[in-house]
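# Tertiary structure, described
Chain by chain, the residues:
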Amino acid sequence: MYNELNTSTRILMGPGPSDAHPRVLKAMSTPLIGHLDPEFVRIMDEVKSMVQETFITKNHLTFVVSAPGSAGMETCLVNLLEPRDEVIIAVNGVFGSRMVDIAERCGAIVHKIEVEWGTVVSSKDIKNILDDCPKPKLVALVHAETSTGALQPIKEISDLVHNAGALLMVDAVTSYCGVELKVDEWNIDAIYTGTQKCLSAPPGLSPVSFSDRAVKVLEDRKTKVQSWFLDLSLVKNYWGGAKRAYHHTAPVSSVYALHESLRIVIEEGLENRWKRHQEIHQILKMKLESLGFRYLVNEEYRLPNLNSVFLPEGNDEAMIRSKLLNDYNIEVGGGLGDFAGKIWRIGIMGESCTRNHVNMLISALQDMKEFKN
Ligand SMILES: *Cc1c(COP(=O)(O)O)cnc(C)c1O
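Here the structure is a predicted model, which means the values were calculated and not measured.

## Section: the overall build of the chain
Along the backbone of the chain there are 12 helices and 14 strands. For the chain, the C-alpha radius of gyration of 21 Å lies close to 21 Å, the compact-globule estimate for 373 residues. Taking the contacts inside the chain whose residues are at least 6 apart along the sequence as the reference set, 72% of them involve residues at least 24 apart. Looking at the chain as shown, the accessible area adds up to about 16,600 Å², and 50% of this sits on carbon and sulfur atoms. Charged side chains of the chain number 40 positive and 47 negative; the gap between the two group centres comes to 1 Å.

## Section: the pattern of salt bridges
Two side chains of opposite charge can pair, provided their charged atoms sit close to one another. The final tally for this structure, using the stated rule, is 17 salt bridges. For the salt bridge of K323 with E370, the shortest nitrogen-to-oxygen distance reads 3.7 Å. Here K323 is found in helix 11 (residues 317-328), whereas its partner E370 is found in the segment after helix 12 (355-367), with 47 residues between them in sequence.

## Observations concerning the nonpolar core
By size, the foremost hydrophobic cluster in this structure holds 94 residues, and its most contacted members are V47, L80, I89, M99, M169, I188 and F210. The biggest single contributor to this core is helix 2 (residues 38-55), with 7 residues. Counting residues domain by domain, this core receives three or more from each of domain 1 (11-16 + 269-367) and domain 2 (22-266). When residues no more than four places from it in sequence are discounted, the contact partners of F210 are N59, L61, T75, C76, L80, D189, A190, V215 and L232. The next biggest cluster of nonpolar side chains, apart from the first, holds 26 residues, and it includes L284, I320, I330 and F371.

## Details of the domain arrangement of the chain
Entries for the chain in the domain assignment read domain 1 (11-16 + 269-367) and domain 2 (22-266). Opposite the 26 residues of domain 1 that make contact, domain 2 presents 30 residues. Taken over both partners, the interface formed by domain 1 and domain 2 buries close to 2,200 Å², and the fraction arising from carbon and sulfur atoms is 65%. Between domain 1 and domain 2 we count 11 residue pairs in polar contact (both at pLDDT 80 or more) in total. At the level of secondary structure, the elements contributing two or more residues to the side of domain 1 that touches domain 2 comprise helix 10 (270-290), strand 12 (306-310) and strand 14 (343-347). Among the elements that line the side of domain 1 that touches domain 2, the one with the most residues is helix 10, at 4 residues.

## Comments concerning helix 11
Compared with the 16 Å implied by 1.5 Å per residue over 12 residues, the 15 Å span of helix 11 between its first and last C-alpha is a close match. Within helix 11, burial applies to E317, I320 and L324. Projection of helix 11 onto a plane perpendicular to its axis shows the buried side chains occupying an angular sector of 70°, all on one side. Taken together, the buried residues of helix 11 touch strand 13 (330-334), strand 14 and helix 12. Among the residues trailing helix 11, N329 stands out with phi positive, at a value near 60°.

## Some points on the state of the cysteines
A full pass over the atoms with the stated rule returns 0 disulfides. You can see C106 has no disulfide; the closest cysteine sulfur is in C76, sitting 11 Å from it. Judged by relative accessible area, C106 falls into the buried class, the value being 5%. Considering cysteine sulfurs only, C198 is the nearest to C353, which forms no disulfide, with 7.7 Å between them.

## Comments concerning the sheet that holds strand 14
Strands sit in the order 1-13-14-12-11 across an open sheet of 5 strands; the sheet is mixed. A single partner strand is all that each edge strand has here, and the edge strands are strand 1 (11-13) and strand 11 (294-295). Sheet analysis places strand 12 next to strand 14, joined by 5 bridges and oriented antiparallel. Within the sheet, the bridge partner assigned to N307 lies in strand 14 and is I346.

## Some thoughts on the site of the ligand
Around the ligand sit P68, G69, S70, F95, V142, A144, T146, D171, V173, T174, Q196 and K197, and that is every residue in its neighbourhood. Measuring from an oxygen atom of the ligand, one finds a side-chain N or O atom of T146 at 2.3 Å. Counted by class, the shell around the ligand contains 5 nonpolar, 5 polar and 2 charged residues.

## Some thoughts on empty space enclosed by the protein
Applying the stated criterion across every chain, the model contains 2 cavities of 30 Å³ or more. Estimated volume of the largest cavity: approximately 50 Å³. Every residue lining the largest cavity is listed: F63, V64, V65, S66, T75, F229, L230, L232, V235 and H248. Mapped by element, the contributors of at least two residues to the lining of the largest cavity are strand 2 (61-65) and helix 8 (232-239). In terms of residue count, strand 2 provides more of the lining of the largest cavity than any other element does, 3 residues in total. Of the residues that constitute the lining of the largest cavity, the class distribution is 7 nonpolar, 3 polar and no charged. The wall of the second largest cavity is formed by H21, V24, L199, S200, S261, I264, V265, R273 and E351. Residues of the lining of the second largest cavity, tallied by class, amount to 4 nonpolar, 3 polar and 2 charged.

## Here we look at helix 10
In this model, helix 10 (21 residues) spans 31 Å end to end at C-alpha, consistent with the 30 Å of a helix rising 1.5 Å per residue. Those residues of helix 10 not exposed but buried are L270, R273, W274, R276, H277, I280, H281, I283, L284, K285 and L288. Where the residues of helix 10 are buried, they touch helix 2, helix 9 (252-268), strand 11, strand 12, strand 14 and helix 12. One or two steps after helix 10, the chain reaches G292, where phi turns positive at roughly 100°.

So, how was this worked out
- The residue count restarts for each chain, going from 1 along the sequence in the order it is written.
- Totals for whole chains, interfaces and linings use all residues, but because this is a predicted model, local features are given only for residues with pLDDT of at least 70 and pairs of side-chain atoms are given and counted only at 80 or more.
- The basis for the side-chain values is all heavy atoms of the structure; hydrogens and waters are excluded.
- Runs of E in the DSSP output that reach at least two residues are strands. Runs of H or I that reach at least four are helices, and both are numbered from the N terminus.
- Taken over C-alpha atoms, the radius of gyration is set against a globule rule of 2.2 Å times the number of residues to the power 0.38.
- Any two residues whose heavy atoms approach within 4.5 Å are treated as being in contact.
- Per-residue accessibility takes into account occlusion by the displayed protein chains alone, with areas from the Shrake-Rupley method and a 1.4 Å probe.
- For the purpose of charge, His is not counted, nor are the chain termini; Lys and Arg are scored as positive and Asp and Glu as negative.
- Each charge is placed at NZ for Lys, CZ for Arg, CG for Asp and CD for Glu.
- Any carboxyl oxygen of Asp or Glu within 4 Å of a side-chain nitrogen of Lys or Arg constitutes a salt bridge here.
- Residues enter a nonpolar core if they are buried and are Ala, Val, Leu, Ile, Met, Phe, Trp, Tyr or Cys, with the set joined through side-chain atoms within 4.5 Å.
- Relative accessibility decides the category of a residue: with a 1.4 Å probe and only protein chains considered, values under 20% of the type maximum give buried, values over 50% give exposed, and everything between is partly exposed.
- Either an automatic procedure or a domain database provided the assignment from which the domain bounds are taken.
- Two parts lose some accessible area (1.4 Å probe) when they are put together, and adding that loss for both gives the buried area.
- Pairing of N or O atoms within 3.5 Å defines a polar contact, subject to two protein rules: one partner must be a possible hydrogen donor and the other a possible acceptor, and residues neighboring in sequence count only if both atoms are side-chain atoms.
- Multiplying 1.5 Å by the helix residue count minus one yields the expected span of that helix.
- Note that the arc is defined by the directions from the helix axis to the C-beta atoms.
- Only a pair of cysteine sulfur atoms within 2.5 Å qualifies as a disulfide here.
- Should DSSP find at least two bridges between two strands, the strands are regarded as paired.
- We define proximity as follows: a residue is near a molecule or strand when any one of its heavy atoms falls within 4 Å of that partner.
- Any residue outside Ala, Val, Leu, Ile, Met, Phe, Trp, Tyr, Cys, Pro, Asp, Glu, Lys and Arg is labelled polar, Gly included; the first ten of those are nonpolar and the last four are charged.
- A 1.4 Å probe that fits into a set of points on a 1 Å grid over the protein atoms alone but cannot get out defines a cavity; an open set with protein on both sides within 12 Å along at least five of seven lines defines a pocket, and lining residues are those with an atom within 4 Å of a point.
- Grid points are joined across faces, edges and corners, and a volume is the space filled by probe spheres set on the points.

Given below as structure tokens:
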């Protein structure tokens, strides 16, 4: 016989998923209804409107891709790019590299701005690459690079991108509902996010939004989008059209969860939520530093909700991390790429961003005799 699901009660302080609010878990157990049921259509409309509100955008083409954040990334790129298009992509961690891979699969000519992991791209870096590639179709950046904990300034770069006639595309998977993000004010043309980071919903959905400028580019395509499932010209009527037509079957329970998590964000207020992440980050930082942890990212560009830190000298990070999980039920993330085995990535996202989470982590470390500070 197979065992009943019987998972431990974990405290999620890694790079995602974060802890879900009980209201969100409860929403997922709401009975299923048909995805074309007028009641479900109303739920989808509300989700769309709450996504617009939390992205701070009036973009009509705003909806939710029925797959995780990576599919949001792929949706933006496969729809906006055609073979031989020139694109500039900033690479300062794992997710920038992933965008490059997808753009190359679209047949685009990719110009990379590569900067050291843990740092961000400056206006000067953008100006320099525009000298080599003066007329890109698209410039793509990761707002919150979860592999390093760096927060990329977007607003400062937006004018440079638009003056070159390009679209600005942003990965906001980890920044959305955790740090300041203003889609219309910053003139972002294509944006995608995920549900399992600062939104504290289960993984598996990806809210996206496109400006009118981006929509014009979609309408002017000469070739078919290489992906049937992600082709916006087909899926957009499912989330927006006057008459809802079958495209695929929306993951009903996940949409319930997203609906409830967005209601929670709006009840708290975006600004309050940004402030809470900053305040809890300051408390965590003080305590981590007093235990001998050192931050990877310069303070100026440090992401509050994903803390990348070097352990104090003489600690076996993998052993301590697994003891934290097995003996204390606390999950933190390990490093990726060059930082594998070197850093921890401590997430304080959404429901996992509380004083109690910080205290649980710090007191577990103080309690553990293997941890040397
Ligand atoms: C998590 C993450 C993704 C991918 O999201 P999935 O839901 O894991 O597919 C993309 N970009 C960034 C910056 C992320 O942190």
